[in-house]
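If you want the building blocks of each chain, they are given just below.
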Amino acid sequence: MAESKLDLLQGTLDLMVLQTLDVMGPLHGYGISRRIEQLSENEILLNQGTIYAALVRLQQRGWIEAEWGVSENNRKAKFYSITKTGRRRMKEDRSEWDRISTAMRRVLSATR
Amino acid sequence: MAHIDGNIREAWARLRSFLLRQELDREFDEEASSHLALAVDDYVHSGVPEAEARRIARLKFGSVEAAKDAHRDSRGATWLEGLFRDLSHAWRGLMRDRGVTLTSIVMLILVIGLNVAVFAVVDTMLFRGFPLVKDNGRLVYIQERHTLTNGCCLLYADLLAWQDQVSPFRGMAFVGAKPS
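Residues numbered from 1 in each chain as written. Chains lettered and ligands numbered in written order. Predicted model: local features only at pLDDT ≥ 70, side-chain atom pairs only at ≥ 80, totals over all residues.

A.B. asks: Could you give an account of the overall build of chain B, naming the residues involved and the relevant values?
C.D. replies: Counting its regular elements, chain B contains seven helices and zero strands. Each helix and strand of chain B, placed in order from N terminus to C terminus, yields the pattern α-α-α-α-α-α-α. Burial status across chain B gives 8% buried among its 180 residues. Pairs at least 24 apart in sequence give 41% of the contacts found in chain B among residues at least 6 apart. (Helix = DSSP H or I, 4+ residues; strand = E, 2+ residues; numbered from the N terminus. Buried ≥ 20, exposed ≤ 12 C-beta atoms within 10 Å, placed from the backbone. Contact = placed C-beta atoms within 7 Å.)

Following this line, the structure appears as structure tokens:
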């Protein structure tokens, strides 16, 4: 349960990637980072090294899979999609995350 | 159960990453340029001139080398890759100056061989004892000391003479020196 700070940051990025792929379907690395940046209203600006490192990690764990394909404007790109295991893991992580953030909000907003 | 499967799966993926490292590096290069191309497309689409779009996209991507390093790190086989790289570097260094390498190898063989031989003798004589002797604890070493001359070593004739005499010793035999 006790994760180091780096693990926690990696975990949250992993969750965001899984969520993105779950909602948007197969997407390339550029699309994933654009989407995360847009949704977070540019709060989260991703250095691309981090995104691609996360994608490698997720692949190694079997939560996403990758395939080379062609984008809408005919660019060759590597598309990632979420797997069944990945979807299951995402749901677990989401409920965990919800629990933690609810608890944090409660604690941090208590004035008395 | 799923946890153990995950670990094995990851370990296997790391090994695979190590074996395919050159291909994976090349694939990342392709992915990085694909990313930049897509980004430029987006900017151009929203009206930015292409040269400027390229500049912005590259800036936003950050250092490609750093991203490549992060990619390699996350593959999880860095220590193995590092070890391999060090070994092949050392090998190339040795192959560059074969004379020195050959000399070193020969010297090592001689030294190690000598040590093994000496140890075999010492081990037999001092530690474990001779294999054919029944009770090494009762073995004694008889030596002659010449006080008036600087001579050494027992003569075979001496051994024969002693064997003929009555002695407390069950038997006697030469060790080491050749009979003269």
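A.B. asks: Account for the overall build of chain A, with residues named and values stated.
C.D. replies: Tallying secondary structure elements over chain A gives four helices and three strands in all. Along chain A, from the amino end to the carboxyl end, the secondary structure elements read α-β-α-α-β-β-α. Counting only residues that meet the buried cut, chain A has 30% of its 112 residues in that class.

A.B. asks: Got a sec to walk through the pairing of strand E3 (residues 76-82) of chain A? Specific residues and values, please.
C.D. replies: Along a regular strand, successive side chains alternate from one face of the sheet to the other. Residue and element names in this part refer to chain A. In this sheet, E3 lies alongside strand E1 (residues 27-28) in antiparallel orientation, the contact comprising two bridges. When the sheet's bridge partners are listed, His28 is paired in E3 with Phe79. Sheet analysis places strand E2 (residues 64-70) next to E3, joined by seven bridges and oriented antiparallel. Bridged to Trp68 within E3 is Lys78. Once E2 ends, the chain turns through five residues before running back antiparallel as E3, passing Asn74 with a positive phi of about 60°. (Pairing = 2+ DSSP bridges.)

A.B. asks: Account for the nonpolar core, with residues named and values stated.
C.D. replies: Formed by 22 residues in total, the largest nonpolar core has its most connected members in A:Val17, A:Leu21, A:Tyr52, A:Ala54 and A:Leu55. Mapped onto this core, the elements with two or more residues apiece are helix H1 (5-24), helix H2 (29-39), helix H3 (48-60) and E3 of chain A together with helix H4 (64-75) of chain B. The leading source of residues in this core is H3(A), at seven residues. Aside from chain neighbours lying at most four places away, what touches A:Leu55 is A:Val17, A:Gly29 and A:Tyr80. If you look at the next biggest cluster of nonpolar residues, it comprises seven residues, including A:Tyr30, A:Ala77, B:Val40 and B:Ala53. (Core = buried A, V, L, I, M, F, W, Y, C linked by C-beta atoms within 7 Å.)

A.B. asks: Residue-level account of the environment of B:Phe84, with values.
C.D. replies: Here B:Phe84 lies in helix H5 (residues 78-96). Here the alpha-carbon distance between B:Phe84 and B:Phe18, two residues 66 residues apart in the chain, equals 9.7 Å.

A.B. asks: Now, about the interface of chain A and chain B: what can you tell me, with residues and values included?
C.D. replies: Each side of the interface is counted separately: chain A has 20 residues, and chain B has 21 residues. Elements supplying a minimum of two residues to the side of chain A that touches chain B: H2, H3 and E3 of chain A. The residue makeup of the side of chain A that touches chain B, split by class, is five nonpolar, 10 polar and five charged. (Nonpolar A, V, L, I, M, F, W, Y, C, P; charged D, E, K, R; others polar.)

A.B. asks: If you had to explain the sheet that holds E1(A) to someone new, which residues and values would you point to?
C.D. replies: Ordered by their spatial adjacency, three strands build an open sheet running E1-E3-E2 (chain A), and the pairing between neighbours is antiparallel. Looking at which strands have only one partner, the edges of the open sheet turn out to be E1 and E2 of chain A. Strands in contact with helix H2 (residues 21-45) of chain B are E1 and E3 of chain A; relative to E3(A), the strand with the most contacts, it is inclined by about 100°. (Axes fitted to C-alpha atoms, helices over the stretch in contact; angles between N-to-C directions.)

A.B. asks: Tell me about the packing of H2(B) against helix H3 (residues 50-61) of chain B, and name the residues and values.
C.D. replies: Residue and element names in this part refer to chain B. Interhelical geometry of H2 versus H3 gives an angle of 130° and a closest axis separation of 9 Å. Between H2 and H3, the angle falls in the class oblique. Crossing geometry of H2 relative to H3 is assigned as right-handed. Across the interface between the two elements, His35, Leu36, Ala39, Val40, Tyr43 and Val44 of H2 pack against Glu50, Ala53, Arg54, Ile56, Ala57, Arg58, Lys60 and Phe61 of H3. In terms of residue class, the contact of H2 with H3 is made up of nine nonpolar, one polar and four charged. (Parallel < 35°, antiparallel > 145°, perpendicular 65-115°, else oblique. Left-handed = near helix turned anticlockwise from the far one by under 90°.)

A.B. asks: So what about the environment of B:Leu80? Which residues, and what values?
C.D. replies: Tracing the chain through its elements places B:Leu80 in helix H5. In sequence terms B:Leu80 and B:Phe18 are 62 residues apart; their C-alpha atoms lie 7.2 Å from each other.

A.B. asks: Tell me about the confidence of the model for chain B, residues and numbers included.
C.D. replies: When pLDDT is averaged across chain B, the result is 84; 93% of the residues are at 70 or more. For this predicted complex, the interface confidence reaches an ipTM of 0.81, while the overall pTM sits at 0.65. (pLDDT = per-residue confidence, 0-100.)

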